[in-house]
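Descriptive analysis of the structure
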Amino acid sequence: MTEVNSPPRLGRWTRFVTARPRLTLLAALVLTVLAVLAGSGVADRLGSGGWEDPDAQSTYATEALERGFPESQPNLLLLVDSGGASVDAPAVRAEAARLTARLTAEKGIVGVGSYWDTQSPALRAKDGHEALIAARITGDEKTMGETLDRIAPSYRGEQGPVRVRIGGIVAVRHEMQTTIQEDLTRAEMIALPITLVLLVMVFGSAVAALLPLGIGIVAILGTNAVLSGLTAFTDVSVFAMNLTTALGLGLAIDYALFIVRRFREELSTGAEPLGAIATTLRTAGRTVLFSALTVAVSLAAMLVFPQYFLRSFAYAGMAVVVLAAGAALILLPAALVLLGDRVNALDLRRAFRRRPKATAAEGAAPPAEGGRAWARAADLVMRRAPFFALATTAALVLLGLPFLGVKFGTADDRQLPSSAESHVVQQHLRDGFPGNPGGGLEVLAEGSATEAQYTAYKARVAALPEVVRVDGPLVKGDAAYFTVQPEGEAVGDAAQNLVGDLRALKAPFDTKVTGTAAVLVDSKHAIGAQLPWAGAFVAVVTLLLVFLLTGSVLIPLQAVLLNALSLTAMFGAVVWVFQDGHLSGLLGFTSPGSIETTLPVLMFCVAFGLSMDYGVFLLSRIKEEYDATGDHEQAVRLGLQRTGGLITAAAVILAVVMVAIGTSRVTNTKMLGLGIALAVLMDAMVIRSLLVPAIMRLTGRATWWAPAPLRRFHERFGLSEGDQNPPRGAGRDNMRLRRGGATSHDGPADESGDGNGDGSPDASGGLREVQRTG
């Protein structure tokens, strides 16, 4: 055994991060300043689209029409309101002609047309008081946004006898981008102070509470710099910034929470700061690293999809996970070594205590009530394991049933608040104009053809059962296009069926179909084709990682299935609330009656990764106790007792961040924030507290079974808990990567940082219990 006064045994990583802590923190400060400079203005370089498959037929046709027939793809609409007069009144007609001429002369504007030029009934409202001027802004998303900002003020508002509102897809996306930036700033202003208050409740010490917040800010700023760099090589969605903020704060706080708590616990046993850091990194640090890997794997699955909207979240998510874990494992140990016992300074709870208490730094053992509460809960669940397993599973399945009625659609102006100008314009088009302008399908015809062949093809298209009207063709050289108006909604079932019928219709020339419904059909096909690969990647890698952690064949299967089950409430709520419109008034959004196609994929990857984050902390603790005692039920009981409160506290803090994101006025962002907040809370408070102990009680000792070849593989390469001859005051058993041989244990470890060091229960029963152990 190591002597009491012997110096702490330091691993290579500990020596690396603590050798020059001041220099480490100074270098981090310099890099953070550079990240601020590199990431400044990143939102202006991000795109607001990305839902389309770049290799789809509809994408090819859209780009070809933009080049050859810009008037077929208007992205700017001026809604001209004549008040009580008719749009055909001479004064209105004259003002419309002036607006059309001015718009035609604007730089970057092509394909200008209007109702007054074409007399098309589709461009005139049914009541005769509104009509449209349509045009196309050229260039990429940034250029189009700049052009819109330049021209909009001179057209918007009162113009002689008419009033003009600005809409179209460019206006919708530009307004969405601006709204997201404003909402993200507000979300950060909401989340940061509330998170700080919760951390003070958990830690007591203001110094300790500021450390996780600092790690989160470093992760966010670093990820913004990464996204800024990526924009030079690929398209990145502006929505990814929301995930950056949410995961940057949430994960960094989770990781720092476990590390700081373990460090403070080690100090309370009398360890020196350097020894406490060594033990913290061998235990909580290894678990944090493993947890970050599982989250990154779930987010990386989005890289298999072609839509840059999803790929952007993979870029942002993986970057923020790496930076959050890196900051927690490099910067935080350096800061803790310098702080030492001062990590417990500025105890803000002292004034509210009823009687004096010794602080953790003074060696007081934390009270046990919260830990005992979790132990009693585990005993109750395991005594009634069949009931809790069946009842919890049935409840989760019931909550997920609304998802069976999901309808997929595309993101449109209804993502914006009802007061947004571009939303108002599009709603006027839906409610007051015939034929749903902008909701038609375009058929691009390429190849030499005669007028008779075009006429015959047009007649066959008009004969299709879902077709209301066919316009065209407009011919230029060897290319032409037809506009086909489908029955019903622009992305309804009839329109989607018509896309298939048009593509199957034979013609003497090559045809490509595009339009809103065609984009949706192609997007669903692209996601459906890649979804099995993404799911298989997440499942296989997760199974492997959890096996390396536990050495069990059954536990990885349980982890994957229970994590998936924990998401049912989120998916059911998404459909019930955001598709069906329940609570829309309370939450302040307009339901489009569908769910954007990529959102369920995104929410699954993010929520599944976060569920694994908490699962890793619980399973590693249960595994540790089982290795130490060989008592399966006692291991489950102690695992929940010593991590339940801390996991719950971490989940509440992350949920606060996600709810702050969910206050956004953009529906997709609101759905992402509130949905993941629900998933995180369900996972921590239902799956980890009820279903995991019930299932593990039912599977008994078979939980830990593995065939001999896999056992040997785990003994050689697996993660295990333990350390041969650990020094006193530096933890009882420490996590290490085994390269063969047996692992010995001097006693139970506590990588979560909330054990007492003597095997007694500790206080960890949610925020209330966690704060007692500060």
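Quick summary incoming for the structure in this document.

Analysis parameters
- Along each chain, residues carry numbers from 1 onward, in the same order as the chain's sequence is written.
- Reporting of local features is limited, given that this is a predicted model, to residues whose pLDDT is at least 70; pairs of side-chain atoms are given and counted only at 80 or more, and all residues count toward the totals for whole chains, interfaces and linings.
- Computation of side-chain values covers all heavy atoms of the structure but excludes hydrogens and water.
- Using only the protein atoms, space was sampled on a 1 Å grid; points where a 1.4 Å probe fits but cannot get out form cavities, open sets with protein on both sides within 12 Å along at least five of seven lines form pockets, and lining residues are those with an atom within 4 Å of a point.
- Grid points are joined across faces, edges and corners, and a volume is the space filled by probe spheres set on the points.
- Only DSSP runs of H or I reaching four residues or more are called helices, and only runs of E reaching two or more are called strands; each is numbered from the N terminus.
- We call Asp, Glu, Lys and Arg charged. Ala, Val, Leu, Ile, Met, Phe, Trp, Tyr, Cys and Pro are nonpolar, and the rest, Gly among them, are polar.
- Here the nonpolar core consists of buried residues drawn from Ala, Val, Leu, Ile, Met, Phe, Trp, Tyr and Cys, with membership extended through side-chain atoms lying within 4.5 Å.
- Buried, partly exposed and exposed residues are distinguished by accessible area as a fraction of the type maximum, computed with a 1.4 Å probe on protein chains only: under 20%, between the cut-offs, and over 50%, respectively.
- Only strands that DSSP links by at least two bridges are regarded as paired with each other.
- Centres within 6.5 Å make a pair out of two Phe, Tyr or Trp rings, where for Trp the six-membered ring is used; the pair is then stacked when the planes are under 30 degrees apart, edge-to-face when over 60, and tilted otherwise.
- Two limits define a charge over a ring: the Lys NZ or Arg CZ must be within 6 Å of the ring centre, and within 35 degrees of the ring normal.
- Throughout, a residue-residue contact means that at least one pair of heavy atoms, one from each residue, lies within 4.5 Å.
- The convention used is that axes are lines fitted to C-alpha atoms, helices contributing only their stretch in contact, and that angles between N-to-C directions extend from 0 to 180 degrees.
- The bend reported for a residue corresponds to the angle between axes fitted to the seven residues ending at that residue and the seven starting there.

1. Looking at empty space enclosed by the protein
One pass over the full model with this rule turns up 1 cavity of 30 Å³ or more. Roughly 70 Å³ of internal volume is contained in the largest cavity. Lining of the largest cavity is provided by Ile 555, Gln 558, Ala 559, Leu 562, Leu 619, Arg 688, Val 692 and Met 696. Taken together, the elements giving at least two residues each to the lining of the largest cavity come down to α18 (554–566) and α23 (667–699). At 4 residues, the largest contribution of residues to the lining of the largest cavity is made by α18. Of the residues contributing to the lining of the largest cavity, the split by class is 6 nonpolar, 1 polar and 1 charged.

2. Describing the nonpolar core
Membership of the largest hydrophobic core comes to 161 residues, with the highest contact counts inside it found for Phe 239, Tyr 255 and Leu 602. Looking at this core element by element, the count peaks at 18 residues for helix α11 (residues 308–339). Within the second largest apolar cluster, 34 residues are counted, among which are Ala 96, Leu 103, Ile 109 and Val 162.

3. Points about the pairing of strand β3 (residues 130–137)
Looking along a regular strand, one sees side chains alternate from face to face of the sheet. Here β3 lies mainly inside the structure; 8 of its 8 residues are buried. What you see with β3 is no split at all: Glu 130, Leu 132, Ala 134 and Arg 136 on one side and Ala 131, Ile 133, Ala 135 and Ile 137 on the other are buried throughout. With 6 bridges joining them, strand β1 (residues 76–81) and β3 adopt antiparallel strand pairing. In the sheet register, Val 80 faces β3, and the bridge partner there is Ala 131.

4. Brief notes about the packing of aromatic side chains
Going through the model one piece at a time under the given rule, you end up with 17 aromatic pairs. Through successive ring pairs, a cluster of aromatic residues spans Trp 51, Phe 239, Phe 309 and Phe 313. Above the plane of the ring of Tyr 155 lies Arg 102, whose end atom (NZ or CZ) is 4.3 Å from the centre.

5. Section: the side chain of Ser 664
Turning to its location among the elements, Ser 664 is positioned in the loop between α22 (632–661) and α23. Ignoring sequence-local partners within four residues, the contact set of Ser 664 consists of Asp 183, Arg 186, Thr 669 and Lys 670.

6. Re the sheet that holds strand β8 (residues 467–476)
Across the sheet, 4 strands lie side by side as β8-β9-β7-β10; this open sheet has antiparallel pairing. The sheet is open, and its two borders are formed by β8 and β10 (510–515), each paired with just one other strand. Going across the sheet, the axis of each strand differs from the next one's by a mean of 20°, ignoring polarity. Direction of pairing for strand β7 (residues 441–446) relative to β10: antiparallel, over a ladder of 6 bridges. Bridge pairing links Leu 444 to Lys 512 in β10. On top of the sheet, helix α15 (residues 451–462) reaches β7, β8, β9 (479–486) and β10; it is set at about 160° to β8, its chief contact. Its contacts with the sheet place helix α16 (residues 493–504) against β7, β8, β9 and β10, and it is angled at close to 10° to β7.

7. With respect to helix α10 (residues 273–300)
Residue pairs spaced three or four apart in an α-helix point in one direction, given the helix's 3.6 residues per turn. Along its length, α10 shows its largest kink, about 40°, at Leu 281. Of all 28 residues in α10, 23 are buried, a share of seventy percent or more.

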